[in-house]
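Listed here are the chains, written in short residue letters.
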Amino acid sequence: MSLIVQKFGGSSVSDAQGIKRVARRIIDTRAEGNDVVVVVSAMGDTTDELLDLANQLTDEAPAREMDMLLSAGERISMALLAMAIDGLGAKAASFTGSQAGVLTDSIHGKARVIEVSPQRVRRAIDRGYVAIVAGFQGMSKESNDITTMGRGGSDTTAVALAAALGADVCEIYTDVDGIYTADPRVVPAAQKIDTISSEEMLEMAASGAKILHLRCVEYARRFGVPLHVRSSFSTNEGTWVLPSPDDQIKIQEGEPLEQPIISGVAHDRSEAKVTIVGVPDIPGKAAQIFGIIAGAHANIDMIVQNISTSGTGRTDISFTLPMVDGKHVQEALRAAQADVGFEDISYNEKVGKLSLVGAGMRSNPGVSYTFFEALHQAGVNVDMISTSEIRISIVTDADKLDTAVRAVHAAFDLDAEQDATVYGGTGR
Ligand code: ADP
Ligand code: ASP
Ligand code: MG
């Protein structure tokens, strides 16, 4: 008997019919002789709707109350799903994140899992129940307050539970057939990938491919949890994210081991660009600035420092960060303006990031040329560039992002003949 953790995203449980479909699928998995633990997201666009509501009341919602509000979305779907399973004649019990033993740190809105003690979940499955856990939420180990783990965080709940329970596999059910070479909503000709290394998937997720939450991929890699991303609307085999290169080789036994050079193109519209203008060009200023940003708990992404304008002894430092952190990071920087001695801050949300990811980049010359030539041919102006061993990223105008993604995807011969299927969801 295997233990399978199945996570169903918001588009899979967007209405009563969807919840019933998911309930049947869970019962089928049990009928095949498996124990099942389910993690569920909020129905459809519930989380966005709750956020919109809060924003109509205040510009500065207290972080603790925001988490209390957002965690309610997952509680609705977990209880409804348990009822649907019960209605089909099987036993199910739902648990909030804290009841399931998901303990986190205290950073509201982006809490990190520190410990999972799933005794209640274990007891429920031992008694023949399907255990259903509310995704994306936990309880602060320090304050006992309810926390949430950031948008898309239910994926991480699923992997954290799979690791703590020693599950055989963690299945992530969503509204597309797996991980594609690009977001099929932007590139209809994107191709489904059969297997991807966790190393490449980490870069894709970190570059904004929201098919998987970044921390879910990190967690799965660290604890060796095999991830299978697939559609809840079809029975098609999805994409396997393989924790280590050895697994990749095992799966490919009998097939040529040559890896594709490029695994995909990711894009991200959720970041903003900040430029700190006229920073004194002396040792210690960058440390001071990034210390302030770290104090505001913001993760910054690309950083570019221009050479100082001759004679002024001053330079500009630009970086990108999640838009949601834009306001409080600007406030923290403004508060330290006199101390740091910079002249001004400019802030731009109309930017988009495009990333090309592939482990084969390491050993194949010419990738950068093909990439920048594709952008040139598509008339896309490059604003910032950053690279890792297996990734090239650029920032450009938000308006040009879709064109850029399609151009790069085509330039690396990734276009399929048939269009990908998007089964549901609003893409919000
Ligand atoms: P869920 O609600 O199931 O968690 P998400 O909306 O978080 O679903 O993630 C699924 C969506 O991710 C897809 O509908 C697709 O638009 C988007 N996506 C972005 N990049 C990719 C990619 N490389 N492959 C597949 N889907 C992608
Ligand atoms: N409901 C949360 C969100 O919309 C968490 C999740 O779906 O994973 O981001
Ligand atoms: Mg998601």
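Just so it is clear, the structure is predicted and the values come from calculations on it, not from any experiment.

What follows concerns the sheet that holds strand β13 (residues 264–268). The sheet built from four strands is open, its strands ordered β13-β18-β20-β19 with antiparallel pairing. With partners counted over all chains shown, the strands left at the sheet margins are β13 and β19 (384–388), one partner each. Geometrically, the sheet is characterised by an average inter-axis angle of 20° between neighbouring strands, direction not taken into account. Lying on the sheet, helix α6 (residues 198–206) is in contact with β13, β18 (351–357), β19 and β20 (391–397); it crosses β18 at an angle near 170°. Each of β18, β19 and β20 touches helix α12 (residues 367–377); the most contacted strand, β20, lies at about 15° to it.

This paragraph deals with the UniProt feature "binding site: substrate" (unreviewed entry) in the chain. Within this structure's numbering, the places UniProt gives as "binding site: substrate" (unreviewed entry) are Thr-47 and Glu-74. Across 28 residues in sequence, these annotated residues keep their C-alpha atoms within 8.7 Å of one another, forming a single compact spot. One can find Thr-47 in helix α2 (residues 46–57). The class of Thr-47 is buried, set by a relative accessible area of 8%. Among all residues touching Thr-47, those that are not within four sequence positions of it are Ala-42, Leu-70, Phe-136 and Arg-151. Summarising the element assignment, Glu-74 is placed in helix α3 (residues 63–87). Residue classification places Glu-74 among the buried residues on the basis of a relative accessible area of 3%.

For the rest of this paragraph, the subject is the pattern of salt bridges. Applying the stated rule across the entire model yields 20 salt bridges. Of the charged contacts, one joins Glu-171 and Arg-230 as a salt bridge, the two residues approaching to 3.4 Å between their closest N and O atoms. Remark: Arg-230 occurs in strand β11 (residues 227–231) and Glu-171 occurs in strand β9 (residues 169–174); sequence separation between them is 59 residues. For Glu-171, a relative accessible area of 8% translates into the label buried. Judged by relative accessible area, which is 11%, Arg-230 ranks as buried.

A few words now on the environment of Val-405. Its location among the elements puts Val-405 in helix α13 (residues 401–411). The spacing of Val-405 and Ser-355 is 50 residues in sequence and 8.6 Å in space, taken between C-alpha atoms. Aside from chain neighbours lying at most four places away, what touches Val-405 is Val-186, Val-187, Val-265, His-267 and Leu-354.

With that settled, consider the nonpolar core. Ranked by size, the top nonpolar core spans 44 residues in total, and within it Val-37, Cys-170, Met-201, Leu-212 and Leu-227 carry the most contacts. Examining the composition of this core, we find that six residues originate from one element, helix α5 (residues 154–165), more than from any other. Residue contacts for Leu-227: discarding those within four places in its chain leaves Val-159, Cys-170, Ile-172, Leu-212, Cys-216, Ala-220, Thr-239, Trp-240 and Val-241. Residues Val-176, Ala-190, Leu-356 and Val-380 belong to the second largest nonpolar core, which totals 24 residues.

The immediate surroundings of ligand 1 are formed by 18 residues, with Thr-174, Asp-175, Tyr-180, Asp-183 and Arg-185 found nearest. Here an oxygen atom of ligand 1 sits 3.0 Å away from a polar atom, N or O, in the side chain of Lys-7. In the model, an oxygen atom of ligand 1 is placed 2.7 Å from a nitrogen or oxygen of the Thr-174 side chain. Here ligand 1, which alone exposes 570 Å², has 90% of that area covered by the protein. Classifying every residue of the shell around ligand 1 gives nine nonpolar, four polar and five charged.

On to the pairing of β18. Counting buried residues along β18, seven of its seven residues qualify, which places the element largely inside the surrounding structure. The side-chain alternation of β18 yields two buried faces, one formed by Val-351, Lys-353, Ser-355 and Val-357 and the other by Gly-352, Leu-354 and Leu-356. When β18 meets β20, the two strands line up antiparallel, connected through seven bridges. Directly across from Lys-353, in β20, lies its bridge partner Val-395.

About the cut-offs
- Residues numbered from 1 in each chain as written.
- Chains lettered and ligands numbered in written order.
- Predicted model: local features only at pLDDT ≥ 70, side-chain atom pairs only at ≥ 80, totals over all residues.
- Heavy atoms only, no water.
- Pairing = 2+ DSSP bridges.
- Helix = DSSP H or I, 4+ residues; strand = E, 2+ residues; numbered from the N terminus.
- Axes fitted to C-alpha atoms, helices over the stretch in contact; angles between N-to-C directions.
- Contact = heavy atoms within 4.5 Å.
- UniProt positions renumbered as here; feature names shortened; annotations may be inferred.
- Buried < 20%, exposed > 50% of the residue type's maximum accessible area, 1.4 Å probe, protein only.
- Salt bridge = Lys/Arg side-chain N within 4 Å of Asp/Glu carboxyl O.
- Core = buried A, V, L, I, M, F, W, Y, C linked by side-chain atoms within 4.5 Å.
- Near = heavy atom within 4 Å.
- Polar contact = N/O pair within 3.5 Å; in protein donor to acceptor, adjacent residues only side chain to side chain.
- Areas by Shrake-Rupley, 256 points an atom, 1.4 Å probe, with all protein chains shown as cover.
- Nonpolar A, V, L, I, M, F, W, Y, C, P; charged D, E, K, R; others polar.

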